[in-house]
Amino acid sequence: MEEAADGDWVVRPVTGSATGKTYRCPGCDQEIRPGTPHVVTWAAFTRDSDLEPWDTASAADDRRHWHTACWRARGRRR
């Protein structure tokens, strides 16, 4: 779990060896190519939700793949 000005997030690091797909980073709109370490994030659910923040199956549609640097810099982007 990560608390930030833009909300609470579940952040999971992904090693480059664990990826076989190309993703598009929402921070820079560039590709994250297979083999590139990055993070997968999704908004944490509220405490009164029936779902747990780490319930990745329920959050599948909300997950986003970010370059690690883009994720860290998202608060500075306009």
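The structure we're discussing is the one just above.
Residues numbered from 1 in each chain as written. Predicted model: local features only at pLDDT ≥ 70, side-chain atom pairs only at ≥ 80, totals over all residues. Heavy atoms only, no water.

Participant: Can you help me understand the pattern of salt bridges in this one?
Facilitator: Any two side chains of opposite charge can pair, on the condition that their charged atoms come close. With the rule as written, the count across this model stands at 4 salt bridges. The salt bridge involving Glu2 is made with Arg74; its shortest N-O contact spans 3.6 Å. Of this pair, Glu2 sits in strand 1 (residues 2–4) while Arg74 is found in the segment after helix 1 (68–73), placing the two residues 72 residues apart along the sequence. Note on Glu2: relative accessible area 27%, which makes it partly exposed. Arg33 is the partner of Glu31 in a salt bridge, and the nearest nitrogen-oxygen pair spans 3.4 Å. One salt-bridge network, in which partners are shared between bridges, spans Glu2, Asp6 and Arg74. (Salt bridge = Lys/Arg side-chain N within 4 Å of Asp/Glu carboxyl O. Helix = DSSP H or I, 4+ residues; strand = E, 2+ residues; numbered from the N terminus. Buried < 20%, exposed > 50% of the residue type's maximum accessible area, 1.4 Å probe, protein only.)

Participant: Honestly, the nonpolar core in this entry has me stumped. Any pointers?
Facilitator: A general tendency of soluble globular proteins is for nonpolar side chains to be buried together. If you look at the biggest cluster of nonpolar residues, it comprises 7 residues: Trp9, Cys25, Ile32, Val39, Trp66, Cys70 and Trp71. Not counting chain neighbours up to four residues away, the residues in contact with Trp9 comprise Met1, Glu2, Ala4, Thr41, Trp42, Ala43, Ala44, Trp71 and Arg74. Among the nonpolar cores identified, the runner-up in size contains 5 residues, and Val10, Val40, Trp42 and Ala44 belong to it. (Core = buried A, V, L, I, M, F, W, Y, C linked by side-chain atoms within 4.5 Å. Contact = heavy atoms within 4.5 Å.)

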